[in-house]
Amino acid sequence: MVANTMVCVIRVSVLVLLLFLFLSPANAIRSFPSKTRDGVDDSGIEIDLGLEFSEAPEYRNEPRCPVSSGEEEGSVSVCDPVLIHIAMTIDVEYLRGSMAAVHSILKHSSCPDNIFFHFIASNSSSINPDIFPRIVKSVFPSLNFRVYAFDDSSVKNLISSSIRPALESPLNYARTYLADLLDGCVDRVIYLDSDVLVVDDIQKLWRTNLIGSRVIGAPVYCHANFKRYFSDEFWSDEELSGVFAGKNPCYFNTGVMVMDLGRWREGQYTKKIEKWMEIQKERRIYELGSLPPFLLVFGGEVQGIDHRWNQHGLGGDNVVSSCRRLHPGPVSLMHWSGKEKPWKRIDGGKPCPVDHLWAPYDLLRSRQQKEQLLISSYSL
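Residues numbered from 1 in each chain as written. Predicted model: local features only at pLDDT ≥ 70, side-chain atom pairs only at ≥ 80, totals over all residues. Heavy atoms only, no water.

*Asks:* Explain the overall build of the chain to me, please; I cannot follow it from the model alone.
*Replies:* For the chain, the helix and strand inventory stands at 15 helices and 11 strands. When each of the 380 residues of the chain is scored for burial, the buried share is 49%. A separation of at least 24 residues holds for 74% of the contacts in the chain among residues at least 6 apart in sequence. With an accessible surface of roughly 18,700 Å², the chain has 52% of that area assigned to carbon and sulfur atoms. (Helix = DSSP H or I, 4+ residues; strand = E, 2+ residues; numbered from the N terminus. Buried < 20%, exposed > 50% of the residue type's maximum accessible area, 1.4 Å probe, protein only. Contact = heavy atoms within 4.5 Å. Areas by Shrake-Rupley, 256 points an atom, 1.4 Å probe, with all protein chains shown as cover.)

*Asks:* Any chance you could explain the pattern of salt bridges here in plain terms?
*Replies:* Any two side chains of opposite charge can pair, so long as their charged atoms come close to each other. Here the structure, examined in full by the defined rule, presents 18 salt bridges. Between D347 and R96 there is a salt bridge, and its shortest N-O distance comes to 2.6 Å. Taken together, the positions of D347 in helix α13 (residues 342-347) and R96 in helix α3 (residues 95-108) put the pair 251 residues apart, joining distant regions of the chain. Among the residues examined, R96 registers a relative accessible area of 7% and is labelled buried. Note that D237 is salt-bridged to R283, the shortest N-O span being 2.9 Å. With a gap of 46 residues between them, D237 in the loop between α8 (232-236) and α9 (238-241) and R283 in helix α11 (residues 269-283) connect regions that are remote in the sequence. Taking relative accessible area as the criterion, D237 reaches 18% and is therefore assigned buried. Residues joined in a network through salt bridges with shared partners are E58, R60 and D113. (Salt bridge = Lys/Arg side-chain N within 4 Å of Asp/Glu carboxyl O.)

*Asks:* When you look at the state of the cysteines in this model, what are you seeing that I'm missing?
*Replies:* In protein structure, a disulfide is the covalent linkage between the sulfur atoms of two cysteines. Taken as a whole, this structure holds 4 disulfides when the rule is applied. Between C65 and C111 runs a disulfide, and the two sulfur atoms are separated by 2.0 Å. Its S-S torsion of about -90° marks the bond between C65 and C111 as left-handed, since a negative value means left-handed. You can see C65 sitting in the loop between α2 (26-29) and β1 (84-89) and its partner C111 sitting in the loop between α3 and β2 (115-122), a full 46 residues away along the chain. With respect to burial, C65 and C111 carry one shared label: buried. Put simply, C323 and C352 are joined by a disulfide, and their sulfur atoms are 1.9 Å apart. An S-S torsion of about -80° defines the bridge between C323 and C352 as left-handed. Of this pair, C323 sits in the loop between β10 (303-304) and β11 (333-335) while C352 is found in the loop between α13 and α14 (355-358), placing the two residues 29 residues apart along the sequence. (Disulfide = S-S within 2.5 Å.)

*Asks:* Looking at this structure, I do not really get the packing of α11 against helix α12 (residues 291-298). What am I missing?
*Replies:* Relative orientation and spacing of two packed helices are given, respectively, by the angle between their axes and the distance between those axes. Remark: α11 packs on α12, axes separated minimally by 9 Å, with the N-to-C direction vectors making an angle of 120°. Considering their axes alone, α11 and α12 lie oblique with respect to each other. Here α11 and α12 pass one another in a crossing that is right-handed. Taking contact as the criterion, the partners of Y269, K272, I273, W276 and M277 in α11 are, on α12, P293, F294, L296, V297 and F298. (Axes fitted to C-alpha atoms, helices over the stretch in contact; angles between N-to-C directions. Parallel < 35°, antiparallel > 145°, perpendicular 65-115°, else oblique. Left-handed = near helix turned anticlockwise from the far one by under 90°.)

*Asks:* How do you make sense of the pairing of strand β9 (residues 256-260) when you look at a structure like this?
*Replies:* Remark: a regular strand shows side chains that alternate across the two faces of the sheet. A large share of β9 lies buried, amounting to 5 of its 5 residues. Neither face of β9 is open: one carries V256, V258 and D260, the other M257 and M259, and all of them are buried. Examined bridge by bridge, strand β4 (residues 188-192) and β9 share 5 bridges and lie antiparallel to one another. Each residue of the ladder has a partner; that of R188, found in β9, is D260. When strand β6 (residues 216-218) meets β9, the two strands line up antiparallel, connected through 2 bridges. Opposite G217, over in β9, you have V258 as the bridge partner. (Pairing = 2+ DSSP bridges.)

*Asks:* Hey, could you run me through the confidence of the model for the chain in this one?
*Replies:* As a general rule, the predicted coordinates of low-pLDDT regions are not to be interpreted in detail. Per-residue pLDDT for the chain has a mean of 84; in total, 80% of the residues score no lower than 70. Low pLDDT, under 50, characterises residues 1-47; the stretch is placed with 51 contacts to residues that sit more than four places away or in other chains. (pLDDT = per-residue confidence, 0-100.)

*Asks:* How should the sheet that holds β9 be read in this particular structure?
*Replies:* Note: strands within a sheet are paired through backbone hydrogen bonds, in either parallel or antiparallel orientation. The 7 strands are arranged β3-β2-β1-β4-β9-β6-β10 in an open sheet whose pairing can be described as mixed. Edge positions in the sheet fall to β3 (144-150) and β10, since each has one partner strand and no second. Together, β2 and β3 form the strand contacts of helix α4 (residues 131-139), whose direction differs from that of β3 by roughly 160°.

Okay, structure coming up:
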């Protein structure tokens with residue numbers, strides 16, 4: 001009897017200890033090296049990102065979907081003409097948002113097998129980009145995707161301080177280099193920020209017709225005060241402000257864009273954007289990160305897309321935390337642009353009403369799920 005009691009006490013003690021170790025924040029019990037490879041540091045110790053995701057449901061093509069040439073062989077070529085290409089950045093801070101965004105796209109797509117994701121990861125962060133393919137594959141086993149290491153050393157020298165430090169991350173500028181990063185056979189891509197949810201079939205956005213020589217398409221907002229995105233010095237300099245001569249430039253958000261990469265490469269638009277970034281370093285003509293160079297190059301020449309495809313600003317503005325409602329009208333894409341993100345407000349116990357729309361797509365394992373998994377594995 002005593003022996004059985006002691007065994008029970010030991011089991012409970014071990015279980016409590018395991019729960020403590022399993023649920024304690026990783027940063028509180030170990031220090032990370034400056035560089036990792038495949039989630040393992042130089043000493044061979046596995047690095048815990050502090051995030052654990054559930055496997056997403058499997059979504060398959062409807063019968064009417066075109067068949068990829070590589071579907072029968074089990075591998076899809078990135079050059080397959082039936083594919084819809086979506087580019088997003090991926091990093092540890094926004095990983096939870098990225099997984100939710102992909103989940104929403106697949107869930108509402110009629111042909112999810114025909115989507116190819118291009119994830120751009122920084123090669124200079126403390127976490128090596130090689131770890132992200134393993135994470136994505138574990139969450140979406142059937143996903144067509146590739147992870148690209150973005151060498152941000154060159155763009156770092158072009159970035160100036162912004163109204164919000166997060167906007168100064170080199171990864172925010174990766175969208176400027178998609179034409180160089182992606183294969184030459186990829187001549188069109190949808191770029192999406194990691195803080196979006198798509199609640200409509202992405203094929204509708206993909207079919208956007210970029211009329212004439214238009215290079216990008218996005219929802220445009222001509223009621224916004226366009227002048228506020230640039231300094232008084234800019235507007236008083238006729239040579240600089242002359243870039244908009246003969247145009248009707250309107251604000252657009254670069255978190256949702258349909259991009260013709262063929263025309264981008266031909267027009268060398270990466271160099272045009274970099275030129276304005278160089279001027280900014282010398283003259284200080286704007287305050288808002290990676291957006292103004294796009295406005296300078298494409299303002300007045302953007303193919304307008306229905307506003308339903310970017311219900312932006314749900315994260316409040318860039319300085320003050322605030323809850324915002326959806327704009328009137330139909331919604332195909334919700335965008336938590338701004339200072340706050342839905343997962344942070346939910347974890348902090350102060351979600352906004354719109355954050356409850358994001359929560360069903362969140363694949364992060366809850367504390368209760370982790371406890372149940374640990375108890376189940378221990379009982380085995």
